[in-house]
Amino acid sequence: MKMSSIKLELRRQVALAEVVSAHKLTKQEDLVEALRTRGLQATQSSVSRDLKQLGVRKQGGYYRLPPAKEDPVLSSVLSALPAGPHLLVIRTLTGAAQRVAYAIDDKKFSFVVGTVAGD
């Protein structure tokens, strides 16, 4: 997967999460149209994949994000900033870098080549 397609997928998923949080939508076609109004082109199949990856489910006939839960690894992340076109630098609490790197590696994201962690 190319870096530009990863960025597009992430932008689409962030926008999709915002749309699902703000609106009571019942059909994937409505989600595709809501993304289109935000300037993002998406197919029904890509929206379906995104919904699955985000953990979105229908509740009461409407799409809903899963309830937020406190993740101790995620809560140790202070910031994440791009450093060039192919590198992301994640700052963590002191002593948490290895734990965060392990969590990223454990997820086996197709777009992550590897992690380097240190204090």
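For the structure itself, look to the data block above.
Okay, so let's go over this structure. Quick caveat: nothing in here was measured; it's all calculated off a predicted structure. (Residues numbered from 1 in each chain as written. Predicted model: local features only at pLDDT ≥ 70, side-chain atom pairs only at ≥ 80, totals over all residues. Heavy atoms only, no water.)

## Details of unusual backbone geometry
To be explicit about the condition: Secondary structure follows DSSP: runs of H or I at least 4 residues long count as helices, runs of E at least 2 residues long count as strands, and numbering of each begins at the N terminus.
Look at lysine 108: it is not a glycine, yet its phi comes out positive at around 55 degrees. With respect to the element layout, lysine 108 can be found in the segment after helix 4 (97-107).

## So, the packing of aromatic side chains
Put simply, the rule reads: Pairing of aromatic side chains requires ring centres within 6.5 Å, counting the rings of Phe and Tyr and the six-membered ring of Trp. Pairs whose planes differ by under 30 degrees are stacked, by over 60 edge-to-face, and all others tilted. Relative accessibility under 20% of the residue-type maximum defines a buried residue, over 50% an exposed one, and the middle range a partly exposed one, all with a 1.4 Å probe and only protein chains included. Lysine NZ or arginine CZ positioned within 6 Å of the ring centre and within 35 degrees of the ring normal marks a charge as sitting over the ring.
According to the stated counting rule, one finds one aromatic pair in the structure shown. Residues phenylalanine 109 and phenylalanine 111 carry aromatic rings whose centres are separated by 5.3 Å and whose planes lie at 25 degrees to one another, so their mutual orientation is stacked. For phenylalanine 109, a relative accessible area of 37% translates into the label partly exposed. Over the ring of tyrosine 62 we find lysine 24, and its NZ or CZ is 5.6 Å from the ring centre.

## Things to note about the pattern of salt bridges
Let me state the cut-off plainly: By definition, a salt bridge exists where a carboxyl oxygen of Asp or Glu is found within 4 Å of a side-chain nitrogen of Lys or Arg.
In this structure the tally under the stated criterion is three salt bridges. Of the charged contacts in the structure, one is a salt bridge between aspartate 50 and arginine 12, with a shortest N-O distance of 2.5 Å. Separated by 38 residues along the polypeptide, aspartate 50 in helix 3 (residues 44-54) and arginine 12 in helix 1 (residues 3-22) bring together distant segments of the chain. The same class applies to aspartate 50 as to arginine 12, namely buried.

## A few points about the nonpolar core
Quick reminder of the rule: Side-chain atoms within 4.5 Å link the members of a nonpolar core, which is a set of buried Ala, Val, Leu, Ile, Met, Phe, Trp, Tyr and Cys residues. We call two residues in contact when some of their heavy atoms are within 4.5 Å.
In this structure, Leu16, Val20, Leu31, Leu35, Val47, Leu51 and Tyr63 are the most contacted members of the largest nonpolar core, which totals 15 residues. Broken down by secondary-structure element, the contributors of at least two residues to this core are helix 1, helix 2 (28-37) and helix 3. Apart from residues no more than four positions distant in its own chain, leucine 35 is found in contact with Arg12, Ala15, Leu16, Leu40, Ala42 and Val47.

## Structural notes on helix 4
Put simply, the rule reads: This arc corresponds to the set of directions leading from the helix axis out to the C-beta atoms.
Listing the buried residues of helix 4 in full gives Ala97, Val100 and Ala101. Angularly, the buried residues of helix 4 cover 100 degrees about the axis, an arc narrow enough to put them on a single face. Next to the buried residues of helix 4 lie strand 3 (77-82) and strand 4 (88-92). The positive-phi residue at the C-terminal boundary of helix 4 is lysine 108, with phi of around 55 degrees.

## Concerning the environment of aspartate 105
For aspartate 105, the location among the structural elements is in helix 4. Assessed through its relative accessible area of 37%, aspartate 105 is described here as partly exposed. In the structure, aspartate 105 is positioned ten residues away from threonine 115 in sequence and 7.1 Å away in space, judged by C-alpha atoms. Excluding residues within four positions of it along the chain, aspartate 105 makes contact with Gly114 and Thr115.

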